[in-house]
Amino acid sequence: MGNSVGNKATEAVLLERTAHPGVYRRGGQYVAVYRRDGRQRKESAATFAEARAIKLARDAEAREQRRGPTLHDYALRWVTGHAGSRHDTVREQTREEYRRLLATFALSYFPADLRLADLDRRALQGFIGWLTDRPGRRGRLSDRSIRNAMTPLRRCLDAAAHEGLIDSDLMRSLVLPARRGGRRWAVSERRFLTRAQLGRLLAEIPPAYQPLLLLLASTGLRISEAIALRWCDLDLDASPPRLQVRRAIVGGVVGAPKSYYGARAIPLAEELAGRLRALRSPDAEDEDLVFPNRRGRPLNPNNLRNRVLRPAVERAGVPGIGLHTLRHTCASLLIEERTSSLRLQRWMGHHAAAYTLETYGHLIDDELGKALELEDLGVRDCGEVEPALAAPSP
């Protein structure tokens, strides 16, 4: 202990002040003294000029550290390491889409030198206004596109708030547009098929692919979930028959369903179960795919879309639809059958009923339905009601 104290005292004596604060001379060398992470640090240099440059650089780094990272730097680091949550399993395709959305919108709008700590509600609301008025190749962005553009920024800022870099309520009270007809489906995009249109389309699908398209329309599965189905995922002899969604194939990679709630059981109609049962060859194993390509590998959705669906769409005269339209069609038919929002959420594999209503709420008509009869309230015949006496004149 005594030697340690002696060495420190000797060092203190050897350090001689210079004209620049924080730069000292020790024998034939110079020492730059600065603080980092609350501790004193020292760096030696051969000349006074070198020591002063070190001191200035380290002080500048400390000031930058106190100011925190820029929005650009933090957002790009976040999207690279984003692992998602239990509600959202992040695939590499999702990560790339987040990176694209950030680069196209948020990082194009906010200056590169904007500090994360300097971001406030006014700046974020200005960004939303810019998105609302921003012209695109097909006109202004729809309300849904604006929400999609905000998603990676919102999740990025949630992570920053969790680290204590920004205020946790920064994203609250922001006003997103809710314009009449603001969603693109209300203007030009066909989001679902009527029963007659669906019948015409399925009649034009080649027989080999009809069971798959019927499955998409009647169960609402995502195409990534349907091409991942194995025979062990189908219980065709149950009452009623059903399938279990356990996996999804995106970009040829087998993974978990899109969300935490994507793993779900869906009932099947008896007629569809019979068609699926007829597909299985006698030598098929339980782990074999239900809808393989000719080589026994998973179907490529792009090939299915270009070689099967598009020609059938043209022949049926229902342009402007894709494979995902069949999922929306299933939702529209379930809503037509008065399926509750909670059951619809579970059926479609969404993380929240609110998201389901936001996605498919436009399919629900504005009619409130018939009035409740007194018998519905448990009220029996109470006889005639006496008319109320007129109130006496004042």
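Analysis parameters
Residue positions are given per chain, counted from 1 along the sequence in the order it is written. Two thresholds apply to this predicted model, a pLDDT of at least 70 for residue-level local features and 80 or more for giving and counting side-chain atom pairs, whereas whole-chain, interface and lining totals are computed over all residues. Side-chain metrics in this entry use all non-hydrogen atoms of the structure; hydrogen atoms and water are not considered. We define a salt bridge as a side-chain nitrogen of Lys or Arg found within 4 Å of a carboxyl oxygen belonging to Asp or Glu. Residue exposure (1.4 Å probe, protein chains only): buried if accessible area is under 20% of the type maximum, exposed if over 50%, otherwise partly exposed. Here a strand is any run of E in DSSP of at least two residues, a helix any run of H or I of at least four, and the numbering for each starts at the N terminus. Under this definition, polar contacts are N or O atom pairs within 3.5 Å; protein pairs additionally need one hydrogen-donor-capable and one acceptor-capable atom, and for neighbouring residues in sequence, both atoms have to be side-chain atoms. A pair of Phe, Tyr and Trp rings is counted when the ring centres sit within 6.5 Å of each other, with Trp represented by its six-membered ring. The angle between the planes then sorts it: under 30 degrees is stacked, over 60 is edge-to-face, the rest tilted. The rule for pairing is simple: two strands pair if DSSP sees at least two bridges between them.

A. Highlighting the pattern of salt bridges. As enumerated under the stated definition, the model contains 17 salt bridges in all. As a salt-bridge pair, R222 and E225 come within 2.8 Å of each other at their nearest N and O atoms. Take R222: its relative accessible area is 11%, and that puts it in the buried class. Among the residues examined, E225 registers a relative accessible area of 1% and is labelled buried. Across the pair D237 and R277 runs a salt bridge, and its minimum N-O distance is 3.6 Å. Pair noted here: D237 is in the loop between β9 (234-235) and β10 (242-245) and R277 is in helix α10 (residues 270-279), with a separation of 40 residues, a long-range link. A relative accessible area of 69% places D237 in the exposed class. Several salt bridges converge on common partners, so that one network encompasses R230, D233, R246 and E287.

B. Here's a closer look at the environment of T329. Mapped onto the fold, T329 is located in helix α12 (residues 323-336). Residue T329 is classed as buried on the basis of its relative accessible area of 0%. Separated by 109 residues in the primary sequence, T329 and G220 have C-alpha atoms spaced 7.7 Å apart.

C. Examining the side chain of Q197 more closely. Looking at the element boundaries, Q197 is found in helix α7 (residues 195-204). The class of Q197 is buried, set by a relative accessible area of 15%. A distance of 3.0 Å separates a polar atom in the side chain of Q197 from the backbone nitrogen of T194.

D. The packing of aromatic side chains, seen in detail. For the coordinates displayed, the defined rule picks out 7 aromatic pairs. Centroid distance Y30 to F48: 5.9 Å. Interplanar angle 70°. Geometry classified as edge-to-face. In this pair, Y30 sits in strand β3 (residues 29-36) while F48 sits in helix α2 (residues 48-67), placing the two residues 18 residues apart along the sequence. Given the relative accessible area of 15%, Y30 is considered buried. By way of ring pairs, the aromatic residues Y109, F110, F127 and W130 are connected into one cluster.

E. Geometry of the sheet that holds strand β2 (residues 23-26). In space, the 4 strands of this open sheet follow the order β1-β2-β3-β4, with antiparallel pairing throughout. Edge positions in the sheet fall to β1 (16-17) and β4 (39-45), since each of these pairs with one other strand and no more.

Coordinates in, geometry out; function isn't part of it.
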